[in-house]
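Here's the letter readout for the chains.
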Amino acid sequence: MRRYALIITLVGCTNNEPQYVTCAPMGPAGGDKCTIEAFADSALPDQSGSLHVPVKPDSAWRSTDRDRRAELQMLVDPSVTVPIYRLEHYDLSVEWQVTNLDSAPGTFYVDLNGANEEVAYDPSLIDIDPTDDEEPPAPPLAGAIPIDIGPNGTVQGVFREDQLVEAAIDLEQMTRGGFNPFRAMLTVSKNDEAFTPLLGGAEIPRIAWRQLVRVDIVFRPDRHMQLEFNLRVREQVEVIHEKGLNAPGGEIVIYDPPDYVYTP
Amino acid sequence: MRLLMTRSLVILIALAGTAQARPASTGFFAEGGLGAVTFLPPRTSDAAVGPEMEIRIGRDIASWFSFGIVIAASSHEATVPPPPEHEWFQVYRGAGDVRLGTRADSIAFFVEGGAGVAMFSSNVLEKVMVVEPGEQFSIEFHAGGGLEYQLENRHYAFGLAVNAFLAPQFDAIMAIDSRLYLRYTYGGG
């Protein structure tokens, strides 16, 4: 019996095969949107789509995984909260394809934003400097690169796992560290082990950083185009539901936290 | 003269017999093979041909009948409509089977068939509805045949086998598994 348990454990430990998550209109996250058709004059929210990570509630985790949060909480400063869904739990990447529905060449931008279990990041709501009318708009968590596309052509791309780790950390630095969005985006933090909030307080170590639980895509084409995207989730700890967003209600948690409010 | 010819013919018939097949061991055996797995229509466009490894162990009950268990793994690029693109998945199979065969000198011919379990490593084919959400396992049936060349060493043989397998839970996906293998038979019988 012990031998079988060992085999099952070994198989479980090595099983971090990717799971491809796409929209499930009949599931608990029925409002998610994975296909964005937009024009040059489209505006939010027509330009945007969201996809939730199908995370299981911690009550459905293995007890050892659930207990780890309390163990980690003992290791950090009492003022630092160890989140439920952490960077160590899973890796995310976003794969997308853009189709130019126009017979002329064009250019588009694909911006990536997102939310963790506490806060969502929407750069369109952020005013970096209210006194400056010509201030640049707040940056997205990733993307904002012009990409050319031929007439009726298609272009595929991906936001890699390391880019989404960086995005999750940038969101933490802004919301828990008080970093300016530009500073957070323009510094590479994916290999950092901790950061100290600018407004004071205890250092927040990497083990207490939140992972994204929702990915938001903003698609900005200069003519009629369509973007399709999906999530690729690679779990390191069993916190992702195997049925993805098709899981029955109650077996996954859909987080739609309040938007981050920037205070200059 | 006629008598001489008749006697010669009788002696020839008396000495002649059926050709003896090359000696081959029977008993416990192990096979290791390399090959390729190709999905059949209508799923050919959803996954590319992929390399395969297979191991089979079993027991010869007689020179013409054996049973065994087989485990196999193959790796394929998913060619579903993007996204995703350039993503690979693996198919793992484990089954029990029987093999019936006959030998003509150094060449043996066989047919085999069995049933077991197939597993897809990821849900990348969910997009084309080969797998349902959360589905990872299917019953698997396979059948096929092949030929085997017996080396002069009675324990060793090379073989070529072609099997078709069917996984009903994976939208009844079918594939052809073709492989070259080396067989070692432990027994001396």
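Before reading further, recall that the structure is shown in the block above.
The sections below set out a description of the structure shown in this document. (Residues numbered from 1 in each chain as written. Chains lettered and ligands numbered in written order. Predicted model: local features only at pLDDT ≥ 70, side-chain atom pairs only at ≥ 80, totals over all residues. Heavy atoms only, no water.)

Of the regular secondary structure elements, chain B holds one helix and eight strands. In chain B, the order of α-helices and β-strands from amino to carboxyl end is α-β-β-β-β-β-β-β-β. A buried classification covers 39% of the 189 residues belonging to chain B. Counting only contacts in chain B whose residues sit at least 6 apart along the sequence, the fraction spanning at least 24 positions is 61%. (Helix = DSSP H or I, 4+ residues; strand = E, 2+ residues; numbered from the N terminus. Buried < 20%, exposed > 50% of the residue type's maximum accessible area, 1.4 Å probe, protein only. Contact = heavy atoms within 4.5 Å.)

Between chain B and chain A, the contact holds 15 residues from the first and 15 residues from the second. Overall, the association of chain B and chain A removes approximately 1200 Å² of surface from exposure, summing both partners, and the carbon and sulfur fraction of that is 47%. Considering only the side of chain B, the residues that lose the most area to chain A are Pro83, Glu87 and Asn123 of chain B, jointly responsible for 35% of the buried surface there. Inspection of the region where chain B meets chain A yields one salt bridge. In this structure, the connection of chain B to chain A is made through four residue pairs in polar contact (both at pLDDT 80 or more). (Buried area = accessible area lost by both parts, 1.4 Å probe. Salt bridge = Lys/Arg side-chain N within 4 Å of Asp/Glu carboxyl O. Polar contact = N/O pair within 3.5 Å; in protein donor to acceptor, adjacent residues only side chain to side chain.)

Let us now look at the packing of aromatic side chains. How two aromatic rings sit relative to each other is set out by the distance from centre to centre and by the angle between their planes. Residues and elements named next belong to chain A. All told, the structure shown has 13 aromatic pairs over all chains when counted by the stated rule. Ring plane angle 65 degrees and centroid distance 5.8 Å describe the contact between phenylalanine 179 and phenylalanine 195, whose orientation is recorded as edge-to-face. Residue phenylalanine 179 is found in the loop between helix 3 (161-175) and helix 4 (181-186), and its partner phenylalanine 195 is found in strand 10 (residues 194-195); the two are separated by 16 residues along the sequence. Aromatic rings pair up to connect Trp61, Tyr85 and Tyr255 into one cluster. When the ring centre of phenylalanine 179 is taken as reference, the NZ or CZ atom of arginine 183 above it lies at 4.4 Å. (Phe/Tyr/Trp six-rings, centres within 6.5 Å; stacked < 30°, edge-to-face > 60°. Lys NZ or Arg CZ within 6 Å of the ring centre and 35° of its normal.)

In total, this model carries 31 salt bridges over all chains according to the counting rule given. Linking aspartate 162 of chain A and lysine 190 of chain A is a salt bridge whose minimum nitrogen-to-oxygen distance equals 2.8 Å. Taken together, the residues aspartate 162 of chain A in helix 3 and lysine 190 of chain A in the loop between helix 4 and strand 10 connect sequence positions 28 residues apart. The partly exposed category is assigned to aspartate 162 of chain A, whose relative accessible area is 26%. The partner of aspartate 46 of chain B in a salt bridge is arginine 43 of chain B, with the nearest N and O atoms 2.9 Å apart. Exposure remark for arginine 43 of chain B: the relative accessible area of 15% places this residue in the buried category.

Residue and element names in this part refer to chain B. Strand order around the closed barrel formed by eight strands is 1-2-3-4-5-6-7-8, with antiparallel pairing between neighbours. Along the sheet, successive strands turn relative to each other by an average axial angle of 25 degrees, direction set aside. Where strand 2 (residues 50-62) meets strand 3 (residues 65-78), ten bridges bridge the pair, whose relative direction is antiparallel. Considered in strand 3, the bridge of arginine 56 is made with valine 70. (Pairing = 2+ DSSP bridges. Axes fitted to C-alpha atoms, helices over the stretch in contact; angles between N-to-C directions.)

So, on to the side chain of arginine 93 of chain B. Residues and elements named next belong to chain B. Note on placement: arginine 93 falls in strand 4 (residues 87-104). With a relative accessible area of 9%, arginine 93 lands in the buried category. Excluding residues within four positions of it along the chain, arginine 93 makes contact with Val37, Glu52, Glu54, Val70, Ile71, Ala72, Val117, Ala118, Glu140, Phe165 and Asp177.

Okay, the pairing of strand 4 of chain B next. All names here are of chain B. Sheet analysis places strand 3 next to strand 4, joined by 14 bridges and oriented antiparallel. Along strand 4, the bridge assignment pairs phenylalanine 65 with leucine 100. Of the pairings in the sheet, the one linking strand 4 to strand 5 (residues 107-120) comprises 14 bridges and is antiparallel in character. The residue bridging valine 98 from the neighbouring strand is glycine 113, located in strand 5. Where strand 4 folds back onto strand 5 in an antiparallel hairpin, the turn is made up of two residues, including aspartate 105, whose phi is positive at roughly 60 degrees.

Okay, a negative patch on the surface next. A cluster of acidic side chains, namely Asp127, Asp129, Asp132, Asp133 and Glu134 of chain A, defines a negative patch on the protein surface. Here glutamate 134 of chain A shows up in the loop between strand 6 (120-121) and strand 7 (142-143). (Patch = residues over 30% accessible without salt bridge, like charges linked within 9 Å, V, L, I, M, F, W, Y side chains within 5 Å. Areas by Shrake-Rupley, 256 points an atom, 1.4 Å probe, with all protein chains shown as cover. Lys, Arg positive; Asp, Glu negative; His and termini not counted. Charge placed at Lys NZ, Arg CZ, Asp CG, Glu CD.)

Counting residues in each nonpolar core, the largest one holds 68 residues, and the members touching the most others are Tyr90, Leu112 and Ile217 of chain A. Contributions of two or more residues to this core are made by strand 2 (35-38), strand 4 (90-100), strand 5 (106-115), strand 9 (154-159), helix 3, helix 4, strand 12 (214-221) and strand 13 (225-235) of chain A. The element that contributes the greatest number of residues to this core is helix 3 of chain A, accounting for seven residues. Membership of the second largest hydrophobic core comes to 20 residues, among which are Val37, Ala47, Val128 and Ile173 of chain B. (Core = buried A, V, L, I, M, F, W, Y, C linked by side-chain atoms within 4.5 Å.)

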